Amino acid sequence: MRRRSLAVLAAVPLMFAAACGTGGDAATSTTGASGSASSGGVPELQVTGAAGAKPTVAFPAKVVETSSFKVLTPGTAGETAKTGASVVANFTVFTWDGKENKLAGSTYDEGGPQVITLNEQVPEILRKGFAETKGGGRFLSVVAKDTLPKEQQAQAPPGQSQVFVVDVVGVPTEKTAKGDATDPGLKGVKVENPGGEAAPKLTTKTKEKAPKGLVTKTVIEGTGPKVTSGQSILVQYAGKIWGSDVEFDSSWSRGAQPIMFQIGTGKVIKGWDQGLVGVPVGSRVLLSIPPDLGYGEKGSGEKIKGTDTLVFLVDVVAAY
């Protein structure tokens, strides 16, 4: 499966990349719980466009090199994201230099929101914005060089800051599918479901011949709305090769952090696009994907050959 990386965050210039590794202890907020900002630069930045759509920002000539945030729309859906939680959001990022003020990247240009974990790699000033903004809300943040440790501040590019407009989509409450599990009934494949948030076990060691076409089997029937084409879905998954039991990818093996991607639009392999549209949110689904709906004749990497049938166990945690 092709995964979309956090391209927007990766596109932000070096100063922010350095800040992401620090936790930003020096960052300070210029807004209270009410969302009204004091001095520090945020009030001078004019954001236009409704939350949930790509914004535009009007920049004053003088760059403010002090970090700050302002809640523009508090949002009403669900709860705010606490430190350590995962949050689904759209990001639009600018490099504020008082001249070109270039767009560094936007998830609105990449096909949908992204999920991030609010850990120490996310600057504190952004975490504060998330802590005051619910789903459907928007906040503005200046991420400046004061997010860096003192020894690194002198190395930061002078006369510029990063400006984030963040639209909070939601805060996922589940990490796995939960409910009564059934045998998928696919000869050659075994699924063990321990329950709770524990990772299921997928076994594909078999002498049975792989199905020639796409097979979709429900293991846990979700109770949420059905996934529609064009939505961004949040999933946990494990992927193995039919017959060998070789695992080539797994979110459970990477700390059980769900990932997000757009479905039904060619962002992932065809077997995912065809097999997951229509699945109720909260479901655990087994997919057997033939080569032509997977990575094709060329395969992928060192593990997946062009003749391999892929078997995925997928938990559809949320859809937006």
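### Looking at the overall build of the protein chain
Step number 1: For the protein chain, the count of helices and strands is five helices and 16 strands.
Step number 2: Across the 320 residues in the protein chain, those meeting the buried criterion constitute 49%.
Step number 3: Contacts spanning at least 24 positions in sequence make up 76% of the contacts within the protein chain whose residues lie at least 6 apart.
Step number 4: Put simply, the protein chain shows about 14300 Å² of open surface, and 50% of that area lies on carbon and sulfur atoms.

### Focus: the confidence of the model for the protein chain
Do not read the predicted coordinates in detail wherever pLDDT is low.
Step number 1: A residue-level look at the protein chain finds 87% of positions with pLDDT of 70 or above and a mean pLDDT of 85.
Step number 2: Taken element by element, the predicted model of the protein chain shows its lowest mean pLDDT in helix H2 (residues 14-20) (36) and its highest in strand S15 (residues 284-289) (98).
Step number 3: Across residues 3-41, where pLDDT falls below 50, the model places 111 contacts with residues more than four positions away in sequence or in other chains.

### A look at the nonpolar core
Step number 1: In this structure, Phe261, Trp272, Leu276, Phe312 and Val314 are the most contacted members of the largest nonpolar core, which totals 24 residues.
Step number 2: Residue assignment for this core shows that the elements contributing at least two residues are strand S12 (232-241), strand S14 (259-262), helix H5 (270-276), S15 and strand S16 (310-319).
Step number 3: Core analysis: the second largest hydrophobic core is formed by 19 residues, Ala104, Ile125, Leu126 and Phe139 among them.

### Considering the pattern of salt bridges
Step number 1: On inspection of all chains with the given rule, the structure shows eleven salt bridges.
Step number 2: Between Glu100 and Lys102 there is a salt bridge, with its nearest N and O atoms 3.8 Å apart. Each of the two residues, Glu100 as well as Lys102, counts as exposed.
Step number 3: Where Lys240 meets Asp245, a salt bridge forms, and the shortest distance between an N and an O atom there is 3.2 Å.

### What about empty space enclosed by the protein?
Step number 1: For the structure shown, the criterion picks out one cavity of 30 Å³ or more.
Step number 2: Counted as a void, the largest cavity has a volume near 30 Å³.

### Notes on the packing of aromatic side chains
Step number 1: Applying the stated criterion across every chain yields a total of nine aromatic pairs.
Step number 2: A ring pair is formed by Phe59 and Trp96, whose centres lie 5.9 Å apart and whose planes are at 45°; its orientation type is tilted. Residue Phe59 is found in the loop between strand S2 (56-58) and strand S3 (68-73), and its partner Trp96 is found in strand S4 (residues 86-96); the two are separated by 37 residues along the sequence.
Step number 3: Here Phe59 falls in the buried class, since its relative accessible area comes to 18%.
Step number 4: On the accessibility criterion, Trp96 (0% relative accessible area) is buried.
Step number 5: Considering the side-chain rings of Trp272 and Phe312, the 5.0 Å spacing of their centres and the 80° angle between planes classify their relative orientation as edge-to-face. Placement of Trp272 in helix H5 and of Phe312 in strand S16 is noted, with a sequence separation of 40 residues between them. For the pair formed by Trp272 and Phe312, the shared burial category is buried.
Step number 6: Joined through ring pairs, the aromatic side chains of Tyr237, Phe248, Phe261, Trp272 and Phe312 make up one cluster.

### Things to note about the pairing of strand S8 (residues 161-170)
Step number 1: The buried fraction of S8 is high, at nine of ten residues.
Step number 2: Relative to S8, S4 runs antiparallel, the two being bridged by nine bridges. Looking at the pairing, Trp96 lines up with Ser161 of S8.
Step number 3: Bridging between strand S7 (residues 138-143) and S8 involves six bridges; their strand directions are antiparallel. Its bridge partner being in S8, Ser141 is matched across the sheet by Phe164.

### Considering the pairing of S16
Step number 1: Counting buried positions along S16 gives nine out of ten residues, so the element sits mostly inside the fold.
Step number 2: Pairing geometry for S12 and S16, over nine bridges, is antiparallel. Residue pairing in the sheet places Ile241 in a bridge with Leu310 of S16.
Step number 3: Where S15 meets S16, six bridges bridge the pair, whose relative direction is antiparallel. What sits directly across from Ile289, in S16, is Leu310.

### Topic: the side chain of Lys240
Step number 1: Here Lys240 is to be found in strand S12.
Step number 2: In this structure the side chain of Lys240 is engaged in a polar contact, spanning 2.6 Å, whose partner is the backbone oxygen of Leu202.
Step number 3: At 3.2 Å, the side chain of Lys240 forms a polar contact with the side chain of Asp245.
Step number 4: Not counting residues up to four positions away in its chain, the partners in contact with Lys240 are Leu202, Thr203, Thr204, Asp245, Val246, Glu247, Phe248, Thr309, Leu310 and Val311.

The rules behind each value
- Residues numbered from 1 in each chain as written.
- Predicted model: local features only at pLDDT ≥ 70, side-chain atom pairs only at ≥ 80, totals over all residues.
- Heavy atoms only, no water.
- Helix = DSSP H or I, 4+ residues; strand = E, 2+ residues; numbered from the N terminus.
- Buried < 20%, exposed > 50% of the residue type's maximum accessible area, 1.4 Å probe, protein only.
- Contact = heavy atoms within 4.5 Å.
- Areas by Shrake-Rupley, 256 points an atom, 1.4 Å probe, with all protein chains shown as cover.
- pLDDT = per-residue confidence, 0-100.
- Core = buried A, V, L, I, M, F, W, Y, C linked by side-chain atoms within 4.5 Å.
- Salt bridge = Lys/Arg side-chain N within 4 Å of Asp/Glu carboxyl O.
- 1 Å grid on protein atoms, 1.4 Å probe; cavity = no way out; pocket = protein on both sides within 12 Å on 5 of 7 lines; lining within 4 Å.
- Points joined across faces, edges and corners; volume = space filled by probe spheres on them.
- Phe/Tyr/Trp six-rings, centres within 6.5 Å; stacked < 30°, edge-to-face > 60°.
- Pairing = 2+ DSSP bridges.
- Polar contact = N/O pair within 3.5 Å; in protein donor to acceptor, adjacent residues only side chain to side chain.

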